[in-house]
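Residue strings, one per chain:
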Amino acid sequence: MKLSDELPTDHRLATIYRIGAGLCGAILVVFGSLGFADQLSFFNTSGSQIAGLSSNGLLSLISLLVGALLIAGAAVGGNVASTVNMTVGSLFLISGFIHLFILDRAANILDFSMPNVIFSFVMGLLILTFGMYGRVTGGLPHDNPYWRRRHPEQAAREAAAHSRAAAGGQLPDGSAQTLR
C-alpha cells in the first residue's frame, strides 16, 4: 500500500494540510530571506536580530531549506503534506528543547536566544497540529479515511448496509433515495 492510497486526493483534509504547510513554510522562507538580505555572517553568535529573533547565516539557510520543504509538501498535498508537517513540527519541538539546554553555551552555533526557543515551540506545535488534524482524535467521522483504516470491520459493515439500502431505494437512516 502506498502512503497516498489512504487519503483520497480530493478529500477536504488535504486542503488543511496544504494550507498549514504553505503558511508555515512561507513564514520560514521570509525569515531566512531577511537573514540573507542583512548579509549575516554564517557562524556569527553576536546576537544579530531579524524580526525580533536572533539569527545568523546558518539559521537563515536552515530556515530557507525547511520552509522550501514545507512548501514542497504543500504543493504535493494529501498525506505527503500531513507527514511533512508532522515530521517538521516534531523536529521544531526537539530543536526547542535542545536549544533551551544549550542557551549561553559555545554549542549554540545557531545563535538561539529565549525568543527563538519560544518561536521554535510555537511554530513546532502549529505545524504539528496542521499535520495531525483529522488523523489523531477519538471523534473522527465515519467517512474519514483514517477512521476507516482503524475500524475496517465496522467500515465494511457500514458500506455494505449503505449499498443494500441504495439498491432498495432507501438510505441507512431510513430516508428515501432519489435516483437520477
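What counts as what
- Counting restarts for each chain, with residues numbered from 1 along the sequence as it is written.
- Per-residue local features are limited, in this predicted model, to residues with pLDDT of at least 70; the limit for side-chain atom pairs, both in listing and counting, is 80 or more; totals at the level of whole chains, interfaces and linings are taken over all residues.
- The side-chain quantities take in all heavy atoms of the structure and omit both hydrogens and water.
- Scored from 0 to 100, pLDDT reflects the predictor's confidence in each residue.
- Numbering of helices and strands runs from the N terminus, with a helix taken as a DSSP run of H or I at least four residues long and a strand as a DSSP run of E at least two residues long.
- Planes of paired rings set the category: under 30 degrees apart is stacked, over 60 is edge-to-face and the rest tilted, where pairs are Phe, Tyr or Trp rings (Trp by its six-membered ring) whose centres lie within 6.5 Å.
- Using a 1.4 Å probe on the protein chains alone, a residue whose accessible area is under 20% of its type maximum counts as buried, one over 50% counts as exposed, and one in between counts as partly exposed.
- Throughout this description, the term charge over a ring refers to an Arg CZ or Lys NZ atom that lies within 6 Å of the ring centre and within 35 degrees of the ring normal.
- An axis is simply a line fitted to the C-alpha atoms; with a helix, the fit covers only the stretch in contact. Between two such axes, the angle follows the N-to-C directions and lies from 0 to 180 degrees.
- Here the word oblique covers every angle except those under 35 degrees (roughly parallel), over 145 (roughly antiparallel) and from 65 to 115 (roughly perpendicular).
- Two helices cross in a left-handed way if the nearer one is turned anticlockwise from the farther one by less than a right angle. They cross in a right-handed way if the turn is clockwise.
- Contacts are residue-level and defined by heavy atoms, with any inter-residue pair within 4.5 Å sufficient.
- Residues are grouped as follows: Ala, Val, Leu, Ile, Met, Phe, Trp, Tyr, Cys and Pro are nonpolar; Asp, Glu, Lys and Arg are charged; every other residue, Gly included, is polar.

1. Observations concerning the confidence of the model for the chain
Per-residue confidence for the chain gives a mean pLDDT of 79; residues scoring 70 or more make up 79%. For the chain, the element scoring lowest by mean pLDDT is helix α5 (residues 145–150), at 72; helix α2 (residues 57–76) scores highest, at 91.

2. Digging into the packing of aromatic side chains
Counted according to the given criterion, the structure contains 1 aromatic pair. Plain terms: the ring middles of Phe97 and Phe121 are 4.9 Å apart, the flat faces sit at 65° to each other, and that makes the pair edge-to-face. Taken together, the residues Phe97 in helix α3 (residues 78–102) and Phe121 in helix α4 (residues 114–132) connect sequence positions 24 residues apart. Here Phe121 falls in the partly exposed class, since its relative accessible area comes to 21%. The cationic tip of Arg105 hangs over the ring face of Phe101; the distance from NZ or CZ to the ring centre is 5.0 Å.

3. Quick notes on the packing of α3 against α4
Between α3 and α4, the shortest axis-to-axis distance is 7 Å and the interhelical angle comes to 160°. Put simply, α3 runs roughly antiparallel to α4. Here the hand of the crossing between α3 and α4 comes out left-handed.

4. Focus on the packing of α2 against α3
Direction vectors running N to C along α2 and α3 enclose 155°, while the axes themselves pass 7 Å from each other. One element, α2, and the other, α3, form an angle in the roughly antiparallel class. Between α2 and α3 lies a crossing whose hand is left-handed. Contacts between α2 and α3 involve Val66, Leu69, Leu70, Gly73, Ala74 and Val76 from the former and Gly78, Val80, Ala81, Val84, Asn85, Val88 and Phe92 from the latter. Taken together, the residues of the contact of α2 with α3 sort by class into 10 nonpolar, 3 polar and no charged.

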